[in-house]
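Tertiary structure, described
Take a look at the letters that make up each chain.
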2 protein chains.
Amino acid sequence: MKVPRANSREKILAAAADVAREAGPGSLSLEAVASRAGVSKGGLLYNFPTKAKLMQGLVESYLSDFQKALEARATEAGHESVLSAYIKLSADDCERPKPSASWMFSAIAEDPDFLTPIKAFKRQLFERLKGETDDLGSLLVCFLAIEGMRSMNLFDSDVLSEDERKLLVSSLLKIAG
Amino acid sequence: MKVPRANSREKILAAAADVAREAGPGSLSLEAVASRAGVSKGGLLYNFPTKAKLMQGLVESYLSDFQKALEARATEAGHESVLSAYIKLSADDCERPKPSASWMFSAIAEDPDFLTPIKAFKRQLFERLKGETDDLGSLLVCFLAIEGMRSMNLFDSDVLSEDERKLLVSSLLKIAG
DNA sequence: TTTACTGTACCGGCTGGACGGTCTTGTCAA
DNA sequence: TTGACAAGACCGTCCAGCCGGTACAGTAAA
């Protein structure tokens, strides 16, 4: 069967994220991913010659998706600050009950260095936000609070209720000005 | 009643945390822990009949340590709010360059449910803080910002500089009132 | 006091199974 | 023909859990 002329890479990346989310980050094996993607192990290894490359692909696609989404938000609302766009984007991301990035735990278990690009990205984003305001203290509070929100979502923590999250977001937007 | 040579349980727990931190969360194997603790594998399995029990032990000791530290801070400074104590405690925890809880990633990989007690603890702490203030918005911002700080430390993110962290903490204390 | 028994605390080798990565051979569409 | 996989066998490694020992402290009868 040679049906899927479609891009296998993306299917595989999506499958990997699905497996990590549903079967747990510890169950992210090449076979599981291949099976989930409707691809043979050989086919997977053709696209990603090693597991490390797969993880790297996950990180890269995550980052590029995020950047695209942020840019869209920032320009869409025109004159609102990037910080506001970041807050809203993160709020929407965290609305989804299921964490979409459990694969990150697999990546860390494989090698903590896989997070390096993510750290760099965050620092870069922070620098960009710094250029937007002169109230560094407020920015730090907002930036870290968003980080906390994303972290809770990642850990699948239902610590906050829907209402609390909404109040949090509106408070952040107020601080952000 | 025979007393264990030295409290093996605690030695093992400390060794497990060390291994996860130094060799990476993916390298937390029973043998590595046993060797690090100066205990044979059999001895480890005697104290923790299964890897899951070891993880559970890590979570429990982490939580009880944290609770003790928080209580100490809260009473030590007498009349200051629990939120302030929580902020300061977290700031000090995050001052240490190396994350002390990398084992959490191993636990998640093993089974995400290991985090359930931690979630419950956090919710409980949040409820307690809620009783202390009537400005829920500010509390949420502080609580989540602390969460973000702890998360960054856990991920070993050197995204913030020393000065930025200090400014963050003082901003949080100001918001906390 | 000696001997025999019991439970505790720990040792360390073993194994069955899973997993990652490689390789070979085949297939089908462009 | 060639590029993009399919299908899966194979191998080396690793690891959790199990099991048979060992050392020793306490107990208690003889």
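You'll find chain A entered in an unreviewed UniProt entry as TetR family transcriptional regulator, with Mesorhizobium argentiipisi given as the organism.

1. Looking at the overall build of chain A
Along its length, chain A carries nine helices and zero strands. Helices and strands in chain A line up, N terminus first, as α-α-α-α-α-α-α-α-α. For chain A, the spread of C-alpha atoms along the three principal axes comes to 55 × 30 × 30 Å. Buried positions account for 33% of the 177 residues belonging to chain A. Look at the contacts in chain A between residues 6 or more apart in sequence, and 65% of them connect residues 24 or more apart.

2. A word on the protein's contact with DNA strand D
In the neighbourhood of DNA strand D, 18 residues make up the surrounding shell, with Ser-40, Gly-42 and Gly-43 of chain A together with Leu-30 and Lys-51 of chain B lying closest. Mapped by element, the contributors of at least two residues to the surface near DNA strand D are α3 (41-47) of chain A together with α2 (30-37) and α3 (41-47) of chain B. For the surface near DNA strand D, the class distribution of residues is four nonpolar, nine polar and five charged.

3. A look at the relation of the copies chain B and chain A
Screw-axis analysis of chain B against chain A gives a translation of 0.0 Å along the axis, an RMSD of 0.1 Å, and a rotation angle of 180°. The operation mapping one copy onto its partner corresponds to a two-fold rotation axis. Of the interface residues in chain B, 100% have counterparts in chain A that sit at the interface too, so the contact is made through matching surfaces.

4. Considering the packing of helix α7 (residues 116-130) of chain B against helix α8 (residues 136-154) of chain B
Residues and elements named next belong to chain B. The contact between α7 and α8 brings their axes to 10 Å, and the two run at 145°. Considering only the axes of α7 and α8, their crossing is right-handed. Two secondary-structure elements touch here, α7 through Phe-126, Leu-129 and Lys-130 and α8 through Leu-136, Leu-139 and Phe-143. Of the residues in the contact of α7 with α8, the class split is five nonpolar, no polar and one charged.

5. Here's the deal with the confidence of the model for chain A
Residues and elements named next belong to chain A. The predicted model of chain A averages 90 in pLDDT, with 95% of residues at 70 or higher. Looking over chain A, one finds the lowest element-wise mean pLDDT in α3, namely 89, and the highest in helix α8 (residues 136-154), namely 97. Contacts from residues 1-5, a stretch scored under 50 in pLDDT, to residues over four places away or in other chains number zero contacts.

6. Considerations on the interface of chain B and chain A
Accessible area lost during the coming together of the parts is what is often quoted as the interface size. Residue-level contacts link 36 residues of chain B with 36 residues of chain A. Sorting the residues of the side of chain B that touches chain A by element identifies α6 (103-110), α7, α8 and α9 (162-176) of chain B as the ones contributing at least two each. Sort the elements by how many residues they give to the side of chain B that touches chain A and α8 of chain B lands first, with twelve residues. When grouped by side-chain class, the residues that make up the side of chain B that touches chain A number 21 nonpolar, seven polar and eight charged.

7. Some points on the environment of Leu-173 of chain B
Residues and elements named next belong to chain B. Within the secondary structure, Leu-173 sits in helix α9. For Leu-173, a count of 17 C-beta atoms within 10 Å gives the class partly exposed. Taking the C-alpha atoms as reference, Leu-173 lies 38 Å from Ser-27; in sequence the two are 146 residues apart. Excluding residues that lie within four positions of it along the chain, Leu-173 makes contacts with Ser-84 and Ile-87.

8. Looking at the nonpolar core
Within the largest apolar cluster, 50 residues are counted, with the highest numbers of intra-cluster contacts made by Ala-16 and Leu-58 of chain A together with Ala-16 and Leu-58 of chain B. At the level of secondary structure, the elements contributing two or more residues to this core comprise α1 (8-23), α2 (30-37), α4 (51-76) and α6 (103-110) of chain A together with α1 (8-23), α2, α4 (51-76) and α6 of chain B. The residues touching Ala-16 of chain A, leaving out its near neighbours within four places in the chain, are Leu-28, Val-33, Leu-54, Leu-58 and Trp-103 of chain A. Counting 46 residues, the second-largest nonpolar core is a separate cluster that includes Tyr-86, Val-159, Leu-160 and Ala-176 of chain A.

9. Digging into helix α9 (residues 162-176) of chain A
In this model α9 of chain A runs 21 Å from its N-terminal to its C-terminal C-alpha over 15 residues, within 8% of the 21 Å that 1.5 Å per residue would give. Listing the buried residues of α9 of chain A in full gives Leu-168, Val-169, Ser-171, Leu-172, Ile-175 and Ala-176 of chain A. The buried residues of α9 of chain A occupy an angular sector of 165° when the element is viewed end-on, so they sit on one face. Along α9 of chain A, the residues that are exposed and aim more than 90 degrees away from the buried face are Glu-162, Asp-163 and Lys-174 of chain A. At its buried positions, α9 of chain A is contacted by α5 (82-95) and α8 of chain A together with α8 of chain B. Gly-177 of chain A sits one or two residues past α9 of chain A and shows a positive phi near 80°.

10. Notes on the environment of Glu-31 of chain B
Residue and element names in this part refer to chain B. Residue placement: Glu-31 occurs in helix α2. Of the residues examined, Glu-31 has 11 C-beta atoms within 10 Å and is grouped as exposed. Note: C-alpha distance between Glu-31 and Glu-95 (64 residues apart in sequence) is 31 Å.

Calculation rules
Residues numbered from 1 in each chain as written. Chains lettered and ligands numbered in written order. Predicted model: local features only at pLDDT ≥ 70, side-chain atom pairs only at ≥ 80, totals over all residues. Helix = DSSP H or I, 4+ residues; strand = E, 2+ residues; numbered from the N terminus. Buried ≥ 20, exposed ≤ 12 C-beta atoms within 10 Å, placed from the backbone. Contact = placed C-beta atoms within 7 Å. Near = placed C-beta within 6 Å. Nonpolar A, V, L, I, M, F, W, Y, C, P; charged D, E, K, R; others polar. Least-squares fit on C-alpha atoms with pLDDT ≥ 70 in both. Axes fitted to C-alpha atoms, helices over the stretch in contact; angles between N-to-C directions. Left-handed = near helix turned anticlockwise from the far one by under 90°. pLDDT = per-residue confidence, 0-100. Core = buried A, V, L, I, M, F, W, Y, C linked by C-beta atoms within 7 Å. Expected span 1.5 Å × (residues − 1). Arc of directions from axis to C-beta.

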